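# Structural features, examined
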Amino acid sequence: MGFIQVALCYLVLLRIGIIAAKEYEWKSASATYIKDSEGSITTKGACGYGNLHMKTYGKYSAGLSGMLFSRGRTCGGCFEIRCVDHIHWCLLGSPSVTVTITDFCAPNYGLPDEYGGWCNFPREHFEMSETAFAGMADKRADVVPVQFRRVNCERDGGVRFTLGGSSYFHQVLITNVGLDGEIVAVKVKGSKTGWIPMGRNWGQNWQCNVILLGQPLSFEVTSSSGKTVTSYNIAPPTWRFGQTYEGKQF
């Protein structure tokens, strides 16, 4: 490789590093919370996770305004959040909490942005679980100013694949994703097929119009950081819809 090619590769890598570094810098937003006796936001959120406690996200979860939600791409991502600049509502020392993104905070254009319309575009807002909010601010607050930054997700065990669909199409819900937590590309492979790209159906549900019943299944998953992991033959030929299998972790 010549000097020019080496220099170009270095510049590309440097640019990627700068972009990644900026993504993990502290930024300003606002936050509220939803009261929930079980501590999680919902069991039917816009990311498609279902019961958050069963998916290990549980009490520390949050929904995002459209500006941050990116049409579901941010599902599964992790953010560190701290309350700032409010002496009455922020806890002493501005402790931070880490949440997993599990839902979308819908806008309400019938209310002002500063009072009730917190998720209106282009505001950056977190609608947190009650437990997560209480870890950084007084729950008597309606809305608090916060700072947030992207962090890597700490997960126990491997990436989990919950199989769904019907005899006409194949769908998989991907959860417990480590590293940056976001999935941007998925491929599936049966014993009788090559690698088949899957499209995002909604949230972290991915699908393809292929019949795969009776075949052991392998999955290739790519995160937003560009890293790919491949889990071979994690579902046996006898798999059924609704079952969950565990693959490799990032």
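Refer to the structure above for everything that follows.
Residues numbered from 1 in each chain as written. Predicted model: local features only at pLDDT ≥ 70, side-chain atom pairs only at ≥ 80, totals over all residues. Heavy atoms only, no water.

## Some remarks on the overall build of the protein chain
When helices and strands are counted, the protein chain shows three helices and 14 strands. Taking all 250 residues of the protein chain together, 46% fall into the buried category. Carbon and sulfur atoms form 55% of the exposed surface of the protein chain, whose accessible area is close to 12,700 Å². (Helix = DSSP H or I, 4+ residues; strand = E, 2+ residues; numbered from the N terminus. Buried < 20%, exposed > 50% of the residue type's maximum accessible area, 1.4 Å probe, protein only. Areas by Shrake-Rupley, 256 points an atom, 1.4 Å probe, with all protein chains shown as cover.)

## A look at the packing of aromatic side chains
Each aromatic ring pair is specified by the distance between its two centres and by the angle formed by the two planes. The tally for this structure, following the rule as stated, stands at ten aromatic pairs. Measuring from centroid to centroid gives 5.0 Å for Tyr49 and Tyr57, while their planes differ by 70°, and the two rings are edge-to-face. Given the relative accessible area of 2%, Tyr49 is considered buried. Arranged with centres 6.5 Å apart and planes meeting at 70°, the rings of Tyr115 and Trp118 form a pair that is edge-to-face. The exposure class of Tyr115 is exposed, given its relative accessible area of 58%. Accessibility expressed as a relative area gives 17% for Trp118, which makes it buried. (Phe/Tyr/Trp six-rings, centres within 6.5 Å; stacked < 30°, edge-to-face > 60°.)

## Topic: the state of the cysteines
Within the structure shown, the criterion is met by four disulfides. Here Cys78 pairs with Cys153 through a disulfide, and the sulfurs are 2.1 Å apart. Measuring handedness by torsion sign, the sulfur bridge of Cys78 and Cys153 sits at about 120° and is right-handed. On the criterion of sequence distance, the pair formed by Cys78 in strand β3 (residues 78-83) and Cys153 in the loop between β6 (144-151) and β7 (160-165) is long-range, its members being 75 residues apart. Overall, the relative accessible area of 2% leaves Cys78 in the buried class. Two residues, Cys83 and Cys90, share a disulfide whose sulfurs are 2.0 Å apart. Where Cys83 bonds to Cys90 through sulfur, the torsion about that S-S bond is close to -70°, and the disulfide is left-handed. (Disulfide = S-S within 2.5 Å.)

## As for the pattern of salt bridges
Under the defined criterion, the tally for this structure stands at eight salt bridges. Between Asp138 and Arg140 there is a salt bridge, with the nearest N and O atoms lying 2.8 Å from each other. Measuring nitrogen to oxygen at the nearest pair gives 3.7 Å for the salt bridge that ties Glu246 to Arg160. Taken together, the positions of Glu246 in strand β14 (residues 244-246) and Arg160 in strand β7 put the pair 86 residues apart, joining distant regions of the chain. Among the residues examined, Glu246 registers a relative accessible area of 45% and is labelled partly exposed. Salt bridges here are not isolated pairs; linked through shared partners, they connect Arg73, Arg150 and Glu182. (Salt bridge = Lys/Arg side-chain N within 4 Å of Asp/Glu carboxyl O.)

## Here's the deal with the pairing of strand β12 (residues 217-223)
Sheet faces and side chains relate simply in a regular strand, where the side chains alternate between the two faces. Judged by how many residues are buried, β12 sits mostly within the fold: seven of seven residues are covered. Both faces of β12 are covered, namely the face carrying Leu217, Phe219, Val221 and Ser223 and the face carrying Ser218, Glu220 and Thr222. Here five bridges tie β12 to strand β13 (residues 228-235), and the two strands are oriented antiparallel to one another. Across the sheet, residue Thr222 finds its bridge partner in β13, namely Thr228. (Pairing = 2+ DSSP bridges.)

## Focus on the pairing of strand β2 (residues 61-64)
Of the two faces of β2, the one lined by Ser61 and Gly63 and the one lined by Ala62 and Leu64 are each fully buried. The pairing of β2 with strand β4 (residues 96-104) spans four bridges and is parallel. Its bridge partner lying in β4, Ala62 is registered against Ile101. Sheet analysis places β2 next to strand β5 (residues 125-129), joined by three bridges and oriented antiparallel. The residue of β5 that forms the bridge with Ala62 is Met128.

## Regarding the sheet that holds β14
Spatial ordering of the open sheet is given by β13-β12-β9-β10-β11-β8-β7-β14, a layout of eight strands whose pairing is antiparallel. Edge positions in the open sheet fall to β13 and β14, since each of these has one partner strand only. The average angle at which neighbouring strand axes cross in this sheet is 30°, direction not considered. (Axes fitted to C-alpha atoms, helices over the stretch in contact; angles between N-to-C directions.)

## Some details on the nonpolar core
Counting residues in each nonpolar core, the largest one holds 30 residues, and the members touching the most others are Ile81, Val99, Phe126, Met128, Met136 and Val144. Filtering out sequence-adjacent residues up to four positions away, Ile81 remains in contact with Pro95, Ser96, Val97, Val99, Phe126, Met128, Met136, Val146, Gln147 and Phe148. The next biggest cluster of nonpolar side chains, apart from the first, holds 23 residues, and it includes Ile183, Ile234, Ala235 and Tyr245. (Core = buried A, V, L, I, M, F, W, Y, C linked by side-chain atoms within 4.5 Å. Contact = heavy atoms within 4.5 Å.)

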